[in-house]
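Examination of the molecular architecture
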Amino acid sequence: MSKALIATILLSIGCACHAATIEEIISPTRFVVSSTGQRAILDIEGTPVFACGLKPFQSWAKRLEGQSVEMGQGSAPTVKVDGAPVSLLAILVSSGWVQPAVLDSEAQAAMTERRGGWACASSQAPFEAMHTTVDPKILAGIALNESAYKGRAWPWTLNVAGRGFFFSTRDDAYRAIRFLISEGRSDFDVGLMQVNWKYHSNRFASAWDALSPAINIRVAEDILNENYKKTNSVVKAVAYYHSANPQPGREYLARFVQHLSQIDRGL
């Protein structure tokens, strides 16, 4: 099919007089659409998440087959959800089948909650995508020490005075933080990397931001880098992330090494 014909068909999608239909789904970023008897390939921006293979995606994607899709000139394709237009890319990102170029909050949540294709990704995968200055394997090992839930680091985690709480959503965790703050409490750790609120709340713009996986990781990286500058030792930088006292630091390192071994085995 020529590029000119594809362009003509896609232009018709945006026209109110022609309805386009999702006829076939080739991959998370490639759809076959039809309009007025003609077919075209619709490419979605982003990278497919194939950690679980193609078959689970195809099973999930059946819900999109036959749905109408609209694409006005210069705008992203949308489908109707409860009568309102929703970006097709946003649905695919939120469901864990596409990694967008810019990791917005929904993409971060999909990664760390292990939605869709992320369910089969390694525990290191979110850190590979969101790290900036620290080896993602080190970050993953620390996160498994700090917020492990069912074998993976969980983003909506709080530890209050030594007691861990795992919440289903970011909103639920945020409400808990607001309650703690309203009660004058600061003795709690927040998020994927369990950053201590008492000593590090000033590193966040807000409690909501503290729960953001990418922001939480970035603050943890800053703390680790500062520890390294003080000690000139990666081992001590990791131990000090938990405690500068030798005994708890050693115990923390022992668990950290175990988690690195799990990561090496692809768990």
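This section reports on the structure supplied with the text. This one's a predicted model, so the numbers in the text were calculated from it and none came from an experiment.

Focus: the overall build of the protein
- A count of helices and strands for the protein gives 12 helices and 14 strands.
- For the protein, the spread of C-alpha atoms along the principal axes amounts to about 70 × 40 × 30 Å.
- Per-residue burial for the protein yields a buried fraction of 44% across its 267 residues.
- Put simply, of all contacts in the protein between residues at least 6 apart along the chain, 50% involve residues at least 24 apart.
- As presented, the protein carries roughly 13700 Å² of accessible surface, and 51% of it is formed by carbon and sulfur atoms.

Digging into the pairing of strand β7 (residues 84-87)
- As paired strands, strand β6 (residues 78-81) and β7 are joined by 4 bridges and run antiparallel to one another. When the sheet's bridge partners are listed, K80 is paired in β7 with P85.

Notes on the pattern of salt bridges
- A full pass over the atoms with the stated rule returns 9 salt bridges.
- Among the salt bridges present, the one from R115 reaches E113, with a minimum N-O distance of 3.0 Å.
- Using a relative accessible area of 21% as the deciding quantity, one classes E113 as partly exposed.
- The shortest N-O distance in the salt bridge between E226 and R203 comes to 2.8 Å.

Examining the sheet that holds strand β14 (residues 195-196)
- Read from one edge of the open sheet, 4 strands run β12-β11-β13-β14, paired in antiparallel fashion. Sheet topology places β12 (163-166) and β14 at the edges, where each strand pairs with a single neighbour.
- Pairing of strand β11 (residues 157-160) with β12 involves 4 bridges; the strand directions are antiparallel. Looking across to β12, one finds that V160 is bridged to R163.

A short note on the side chain of E221
- Its location among the elements puts E221 in helix α10 (residues 213-231).
- No salt bridge forms around the buried E221; measuring N to O, its nearest opposite-charge neighbour R218 is 6.6 Å away.
- Excluding its chain neighbours within four sequence positions, the residues that come into contact with E221 are H131, T132, T133, V134 and L139.

Observations regarding the environment of S27
- Assignment of secondary structure puts S27 in strand β1 (residues 20-27).
- Separated by 83 residues in sequence, S27 and A110 have C-alpha atoms that sit 18 Å apart.

Description of helix α11 (residues 234-242)
- Within the span of α11, buried status applies to A237, V238, A239 and Y241.
- Summarising the contacts, the buried residues of α11 are in contact with α6 (136-147), β14, α10 and α12 (246-264).
- By the N-cap criterion, in which a side-chain oxygen at the helix start approaches the backbone nitrogen of a residue two or three places on, α11 is capped by S233, the distance to V235 being 3.4 Å.

Focus: the packing of α10 against α11
- One way to put it is that α10 packs onto α11 with a least axis distance of 8 Å and a crossing angle of 125 degrees. As judged from the angle between their axes, α10 and α11 are oblique. The two elements α10 and α11 cross, and the hand of that crossing is right-handed. Contact residues: α10 offers A220, I223, L224, N227, Y228 and T231, while α11 offers V234, K236, A237, V238, Y240 and Y241.
- A per-class count over the contact of α10 with α11 returns 9 nonpolar, 2 polar and 1 charged.

Comments concerning the nonpolar core
- Of all hydrophobic cores here, the largest spans 51 residues; its most connected members are F127, I142, L158, V190, M193 and Y241.
- Those residues in contact with M193 that lie beyond four places of it in its chain are F127, L139, I142, A143, E146, N216, I217, A220 and Y241.
- With 22 residues, the next largest nonpolar core counts V33, A61, W97 and V98 among its residues.

Parameters and conventions
- Residues numbered from 1 in each chain as written.
- Predicted model: local features only at pLDDT ≥ 70, side-chain atom pairs only at ≥ 80, totals over all residues.
- Heavy atoms only, no water.
- Helix = DSSP H or I, 4+ residues; strand = E, 2+ residues; numbered from the N terminus.
- Buried < 20%, exposed > 50% of the residue type's maximum accessible area, 1.4 Å probe, protein only.
- Contact = heavy atoms within 4.5 Å.
- Areas by Shrake-Rupley, 256 points an atom, 1.4 Å probe, with all protein chains shown as cover.
- Pairing = 2+ DSSP bridges.
- Salt bridge = Lys/Arg side-chain N within 4 Å of Asp/Glu carboxyl O.
- Lys, Arg positive; Asp, Glu negative; His and termini not counted.
- Polar contact = N/O pair within 3.5 Å; in protein donor to acceptor, adjacent residues only side chain to side chain.
- Axes fitted to C-alpha atoms, helices over the stretch in contact; angles between N-to-C directions.
- Parallel < 35°, antiparallel > 145°, perpendicular 65-115°, else oblique.
- Left-handed = near helix turned anticlockwise from the far one by under 90°.
- Nonpolar A, V, L, I, M, F, W, Y, C, P; charged D, E, K, R; others polar.
- Core = buried A, V, L, I, M, F, W, Y, C linked by side-chain atoms within 4.5 Å.

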